[in-house]
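What follows is each chain in one-letter form.
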Amino acid sequence: MTTPLDPPPLPPRLEASRHLPLVGRRLELETLERLWSEVEEGRRQLVFVGGEPGAGKTRLMAEVAGALYDHGTVVLVGSSDREASVPYRPFAEMLDHLFGTAPPGSLAGPLATGGRELRRLSAQVARHRPDLARDDPRAGDVRRDLFDAVAQLLRTVGEQRPVALLLDDLHWAQPPTLALLEHVVQACAATRLLVLATFRTTAPDRSDALTARVAELHRLEGVRRLDLGGLDTEAIAEYLSLRTGLSASEARPPAALLRDRTGGNPFFLRELWADLERHGGVAALRSSRPVPASIGDTLAARLAGLGDEVRGVIELAAVLGDTFDLAALTAASAVDPSATLACVDSAVSVGLIEPVDTGGHWSFVHSLARQAVLEAMPHARRTLLHAQAGEALERHRIGHRIRRRDLKPRNARLRLGKRQARPDPEGSRGEVRRRDHALRTIAAGDHQRRIRPKRGGAQLPAQPIGRPGRQVERDDPAHRRPPLPKLHSRRRGSARAPRSNTAARCLGPAAAMTAPRRSASAYSQHSAA
């Protein structure tokens, strides 16, 4: 080619997403920055970005795409769809965008070899190679020729400019798409190429085919995985400062409440804050409000594929509280202990609950998840489950496993549940007074758990509100992250970040892979009261 290749414009959906605030992903961006330096040296890099729905995978991808595009990188974007049945759909989308936005004939050079094969993926090839006959038969291995043509195109373009392939929602990709991806990764090892692929790690969207393919690709050089967790309190405080103009110190208390309710899930945070803004902003956190419909629908979709037995156990766990004993759950459950443990494992797989410690304590990942489960239950069933849980706790005398200091808060929860199972003689005002008293008692117990010293006199780090016994190192001052780099900071009142002068600073470290969730079966020794 005699003239440099002009990068195609970003797809509109990514161009719009990159203008939204991005907080709390500094480590991931720094990792990508280091990997990009490898790409510029001619060493291909593949990064898998995993996380639950709403974890901010696509938003991170948009940030990377915008930074690279601003510095002359050819950015090609493709996505998979739950309903799509077309093989190679993400790659066809990339090639349509590349060939369809370039001036006619300008890409004839890269299509000098492999153009006929690439025409099977994109009809836009004809804009640059009209001499290719549509009905020209080809002998040989059609699939192999197609794979080689895609890899050759990327190598040719990579000689002109660095290339970034961004594949979104790879958990919905069909096996042929994954096979083509693996071929490209192997055939372009010495190409200036970054491949960034996002996927969901929770059921029912988690793909066994993708899991096997990722494990196979990890044997190659230049393959990394980032798992996005929830935003910490500092990141949420930064988000509130951007949206409200509050100072960092003023934003931390409401940020702690939002962290507890959303688990740091960026989608839940955005939707919950949008609902709060319509009802008074930060002040609305003091009142009890129903789960926003968008969040409720998302959580309902996670439960939709589970059976009635699993949903029943999840509902019972929601009645027991944000944090609950596995022994208490198995004692109160209507199914046998082994089936209850299997139901707990199913709830873990969809990202609803997680273990708190090795002593058989579990909690809902997001308080909003528990609230959504409770709100979805008919009042009569909720009342019945409260009575069922209270009777089981008393019958099996679970209380002897609870330290005396914790006994009063647990009894407060029990009183609260049992009173919901009989008429209220004082009406709603009497119920509110009793509920407030129970919640104050629970809060006092939570405070005692937060300040209880370890053996040897050391103090436990502060726990998030409503999550007794849980340690969140990100909120511990000893583990608090330093301020975001200037590149990624947002001007107050503005959703855009200042542009960097160098491509490396725009990008960027994979956060360490999240530890695998502990199976409920590991706690089966605690299930017998």
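This report concerns the structure included in the present document. (Residues numbered from 1 in each chain as written. Predicted model: local features only at pLDDT ≥ 70, side-chain atom pairs only at ≥ 80, totals over all residues. Heavy atoms only, no water.)

**Some remarks on the sheet that holds strand 5 (residues 223–227)**
Sheet strands associate in pairs through backbone hydrogen bonding, adopting either a parallel or an antiparallel arrangement.
Phase 1: The five strands lie next to each other as 2-3-4-1-5, forming an open sheet whose pairing is parallel. Of all strands in the sheet, those with a lone pairing partner are strand 2 (74–79) and strand 5, marking the two edges. For this sheet the average axis-to-axis angle between neighbouring strands, irrespective of direction, equals 15°.
Phase 2: The sheet strands contacting helix 3 (residues 57–69) are strand 1 (45–51), strand 2, strand 3 (163–168) and strand 4 (193–200), and the helix crosses strand 4 at an angle near 165°. (Pairing = 2+ DSSP bridges. Helix = DSSP H or I, 4+ residues; strand = E, 2+ residues; numbered from the N terminus. Axes fitted to C-alpha atoms, helices over the stretch in contact; angles between N-to-C directions. Contact = heavy atoms within 4.5 Å.)

**Quick look at the pairing of strand 8 (residues 361–364)**
Phase 1: Looking at chain direction, strand 6 (residues 323–325) and strand 8 are connected through three bridges and run antiparallel. Along strand 8, the bridge assignment pairs Thr323 with Ser363.
Phase 2: Across three bridges, strand 7 (residues 353–355) lies against strand 8 in antiparallel orientation. Directly across from Ile353, in strand 8, lies its bridge partner Phe364.
Phase 3: Counted between consecutive antiparallel strands, the loop separating strand 7 from strand 8 contains five residues, among which Gly360 sits at a positive phi close to 90°.

**Remarks on the packing of helix 13 (residues 308–320) against helix 15 (residues 337–349)**
Phase 1: At a minimum axis separation of 9 Å, helix 13 and helix 15 run at an interaxial angle of 85°. With respect to helix 15, the element helix 13 is oriented roughly perpendicular. Residues Glu309, Val310, Val313 and Ile314 of helix 13 touch helix 15, and the partners they reach there are Ala339, Thr340, Cys343, Val344, Ser346 and Ala347. (Parallel < 35°, antiparallel > 145°, perpendicular 65-115°, else oblique.)

**Details of the side chain of Arg302**
Phase 1: Note that Arg302 resides in helix 12 (residues 293–304).
Phase 2: A relative accessible area of 4% means that Arg302 is categorised as buried.
Phase 3: There is a polar contact of 3.3 Å between the side chain of Arg302 and the backbone oxygen of Val350.
Phase 4: Not counting chain neighbours up to four residues away, the residues in contact with Arg302 comprise Glu52, Pro53, Asn265, Phe268, Val350, Gly351 and His366. (Buried < 20%, exposed > 50% of the residue type's maximum accessible area, 1.4 Å probe, protein only. Polar contact = N/O pair within 3.5 Å; in protein donor to acceptor, adjacent residues only side chain to side chain.)

**Some words on the pattern of salt bridges**
Phase 1: In this structure the tally under the stated criterion is 22 salt bridges.
Phase 2: Close ionic contact of Arg381 with Glu315 constitutes a salt bridge, the shortest N to O distance being 2.5 Å. With a gap of 66 residues between them, Arg381 in helix 17 (residues 379–395) and Glu315 in helix 13 connect regions that are remote in the sequence.
Phase 3: Taking the relative accessible area as the measure of exposure, Glu315 reaches 17% and is therefore buried. (Salt bridge = Lys/Arg side-chain N within 4 Å of Asp/Glu carboxyl O.)

**Looking at unusual backbone geometry**
Phase 1: For the bond running from Ala203 to Pro204, omega is 5°, close enough to zero to count as cis.
Phase 2: The topology assignment puts Pro204 in the loop between strand 4 and helix 8 (208–217).
Phase 3: With a phi close to 60°, Tyr88 is a non-glycine residue in the positive phi region.
Phase 4: Looking at where Tyr88 falls in the secondary structure, it is placed in the loop between strand 2 and helix 4 (89–101).
Phase 5: The exposure class of Tyr88 is buried, given its relative accessible area of 13%.
Phase 6: Here the phi dihedral of Asp169 falls at roughly 55°; this positive angle occurs in a residue that is not glycine.
Phase 7: Examined against the element boundaries, Asp169 turns out to sit in the loop between strand 3 and helix 7 (175–187).

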